[in-house]
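Remarks on the overall topology
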Amino acid sequence: MHRSVGIALIDQALLSLFNLGLNLVLISLAAPVEFGRFIFASAVVLLMTSLQNALVATPLAALIPGRTSEQQAATATTIISADVALRWGAAVVTPLLCLLTDHDIRFLGAAACVAFTSLARETARALALAHERTIECLRLDAGAVAASILAIAALWWVVPPATAALGGIAIGNGLALLLLVRTRIAHYLPVIEALRTYRSKFWADTQWSLIGAGTTELQYRSYVFALELFRDAISLATVQAGRLLLGPLPLVVGAWGRVARPAMARHLATGSARNMIQLTAQGMAYVLIVAACYCLVLYLLWPIVEARFFNGRYSDVGRMTTAWAIYMVMVISHMVLSVPLQASMRLKELAQVTMATAVLSCILMAGLTTNVPVIYAVYALIATEFVALVWILVLVIRLARHAGTPTLQPTAPAL
């Protein structure tokens, strides 16, 4: 477990550094409107990835560990075959949503390609992690990052910066998928058959995971769409500039969660609920220590960072970053507490939390239609996340007292 977490952390650190570096390059070298367009497209792709995680990664992580090889093969074949339809759907929906920020056909094409290849890479990672092969994820992500850097550098001279960044990532993903994936399914089912089988076996439970993921994204990213609709791409860039340096924190928790979730599911399958709670407590201590150290280093280096990268082009970025730091500490605590609930398949309860807080987030974001400063968007997110954090803590305390077995099991067809 410790070795897997260590490899996952290295993997996530690599991805975090790449994302941070790319955003800093865009802030330093591109116009704020280009940075805003890239952020909007990235938010849409992250939305699609989150929905895919609910439908693909969560059942893979819960149903493959501890099962027989025949059960593992049948589960993986159905889920990953159905995922093909999801990838193509994302490739269509993403550029349609990106019409809100730009109509350039090159930008829209790059957005479609990055959506498809990003979801394909996430599928490969989810399957490898379900088999607890973290080193394969590291190899895949390292290859994708290296290829993406080269592709972005080449495209930078021929297309606008936002398009170059998106297109380069798509090329890097594609090359890594072709050359570095080792854990695969033996064959794919026809899409219609795969969707029908998925519906009969998994949909009764994963629909709650999907609702939870969708409303979570609405809660977390409502500010992106609200700022684009009610203000403009430059306002979005201003708010996102403050979040930029805090971005690695949720990714670190994601690395822990991808390793911890299958381990917790395995403990539950063998009746060791106490070990699951122990992992949660260790994870919470770990992420809070990392967050405290990270924020301290950022505070000490802030004069250098502000002068080197922002250079007066993003107003009030210091206060914006402080507000985002408060929000991010709450978010990572929420993320850690969600993992045991996911592993025990308390998906309906998680969905109820996110549905309520997503509605609250949308209501608060409507305040951007007035003359409030753009930092209001971050304050609204903090208020919403506080409600979610208290609610999720109550659920975990109940789980610790009455931990049972997971509810997600393949069921008989219910058509």
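For every chain, the first residue of its written sequence is number 1, and the numbers climb from 1 along that sequence. Owing to the predicted nature of the model, reporting of local features is limited to residues with pLDDT of at least 70; listing and counting of side-chain atom pairs is limited to 80 or more, with chain, interface and lining totals taken over all residues. Derived side-chain values reflect all non-hydrogen atoms in the structure, with water molecules and hydrogen atoms excluded from consideration.

Looking now at the pattern of salt bridges. Every case where a carboxyl oxygen of Asp or Glu lies within 4 Å of a side-chain nitrogen of Lys or Arg is listed as a salt bridge. Here the structure, examined in full by the defined rule, presents 8 salt bridges. For arginine 37, the salt bridge is made with aspartate 102, and the minimal N-O distance between the two is 4.0 Å. Here the residue arginine 37 occupies a position in helix H2 (residues 32-63), and aspartate 102 occupies one in the loop between helix H3 (69-98) and helix H4 (105-130), the gap between them amounting to 65 residues. Relative accessibility under 20% of the residue-type maximum defines a buried residue, over 50% an exposed one, and the middle range a partly exposed one, all with a 1.4 Å probe and only protein chains included. Taking relative accessible area as the criterion, aspartate 102 reaches 16% and is therefore assigned buried. The partner of arginine 125 in a salt bridge is aspartate 141, with the nearest N and O atoms 2.8 Å apart. With a gap of 16 residues between them, arginine 125 in helix H4 and aspartate 141 in helix H5 (residues 134-155) connect regions that are remote in the sequence. On the basis of relative accessibility, which here comes to 2%, the residue arginine 125 falls in the buried class. A cluster of three or more residues bridged by salt bridges with shared partners is formed by Asp11, Arg121, Glu122, Arg125 and Asp141. Helix and strand assignments come from DSSP, with helices taken as H or I runs of at least 4 residues and strands as E runs of at least 2, each series counted from the N terminus.

A word on the layout of surface pockets. Note on definitions: the grid is 1 Å and covers protein atoms alone; a cavity is a set of points where a 1.4 Å probe fits but cannot get out; a pocket is an open set with protein on both sides within 12 Å along at least five of seven lines; lining residues have an atom within 4 Å of a point. Grid points are joined across faces, edges and corners, and a volume is the space filled by probe spheres set on the points. If you add up the space inside the largest pocket, you get close to 330 Å³. In terms of lining residues, the largest pocket is bounded by 17 residues, among which Leu17, Leu20, Leu245, Pro248 and Tyr294 are the most central. Under the scheme applied here, ten amino acids are nonpolar (Ala, Val, Leu, Ile, Met, Phe, Trp, Tyr, Cys and Pro), four are charged (Asp, Glu, Lys and Arg), and all others, including Gly, are polar. Per-class residue counts for the lining of the largest pocket are 15 nonpolar, 2 polar and no charged. In this structure, the second largest pocket spans a volume of roughly 260 Å³. In this structure, the second largest pocket is lined by 13 residues; those nearest its centre are Arg87, Ala124, Val181, Arg184 and Tyr188. Of all the secondary structure elements, the ones that give two or more residues to the lining of the second largest pocket are H3, H4 and helix H6 (161-180). For the lining of the second largest pocket, the element with the most residues is H4, which contributes 4 residues. Here the residues of the lining of the second largest pocket sort into 9 nonpolar, 2 polar and 2 charged.

Before going further, it helps to examine the packing of H4 against H5. Running from N to C, H4 and H5 cross one another at 160 degrees; their axes reach a closest spacing of 8 Å. When the interaxial angle is binned, H4 and H5 end up roughly antiparallel. Once H4 is placed against H5, the crossing between them reads as left-handed. On H5, the residues touching Arg121, Ala124, Arg125, Ala128 and Leu129 of H4 are Thr134, Glu136, Cys137, Leu140, Asp141 and Ala144. Tallied by class, the residues present in the contact of H4 with H5 amount to 6 nonpolar, 1 polar and 4 charged. Note on geometry: axes are lines fitted to C-alpha atoms, helical ones only across the stretch in contact, with angles between N-to-C directions running from 0 to 180 degrees. Comment on the angle field: the value is read as roughly parallel under 35 degrees, roughly antiparallel over 145, roughly perpendicular from 65 to 115, and oblique elsewhere. Throughout, a crossing is termed right-handed when the near helix is turned clockwise from the far one, and left-handed when it is turned anticlockwise from it by less than a right angle. The contact rule is simple, with two residues in contact once any of their heavy atoms fall within 4.5 Å.

Looking now at the state of the cysteines. We call a pair of cysteine sulfur atoms a disulfide whenever their separation is within 2.5 Å. Summed over the entire model, instances satisfying the criterion amount to 0 disulfides. We note that cysteine 293 lacks a disulfide partner, and the nearest cysteine sulfur, in cysteine 295, lies 9.6 Å from it.

With that settled, the discussion passes to the packing of H4 against H6. Interhelical geometry of H4 versus H6 gives an angle of 35 degrees and a closest axis separation of 8 Å. Where H4 crosses over H6, the handedness of that crossing is left-handed. Residues Arg106, Phe107, Ala110, Ala111, Cys113, Val114, Thr117, Ser118, Ala120, Arg121 and Ala124 of H4 form the contact with H6, whose own contacting residues are Ala162, Thr163, Leu166, Gly167, Ile169, Ala170, Asn173, Gly174 and Leu177. Residues of the contact of H4 with H6, tallied by class, amount to 12 nonpolar, 6 polar and 2 charged.

Structurally, the position occupied by threonine 238 is in helix H9 (residues 233-244). Residue classification places threonine 238 among the buried residues on the basis of a relative accessible area of 13%.

Within the protein, residue pLDDT values average 84, and 93% of them lie at 70 or more. Mean pLDDT across the elements of the protein bottoms out in helix H10 (residues 248-269) (74) and peaks in H6 (94). A score between 0 and 100, pLDDT records how confident the predictor is in each residue.

A separate point is the nonpolar core. Within this scheme, the nonpolar core is defined by two criteria: the residues are buried Ala, Val, Leu, Ile, Met, Phe, Trp, Tyr or Cys, and they are joined through side-chain atoms within 4.5 Å. Ranked by internal contacts, the top residues of the largest apolar core, which has 93 residues, are Phe38, Tyr223, Phe310 and Trp324. Considering each element in turn, this core owes the most residues, 15 residues, to helix H12 (residues 317-343). Within the second largest apolar cluster, 18 residues are counted, among which are Leu55, Val56, Ile64 and Ala82.

Attention shifts here to the side chain of serine 333. With respect to the element layout, serine 333 can be found in helix H12. Among the residues examined, serine 333 registers a relative accessible area of 10% and is labelled buried. If near-sequence neighbours (up to four positions away) are discounted, serine 333 is found in contact with Met284, Leu288 and Leu389.

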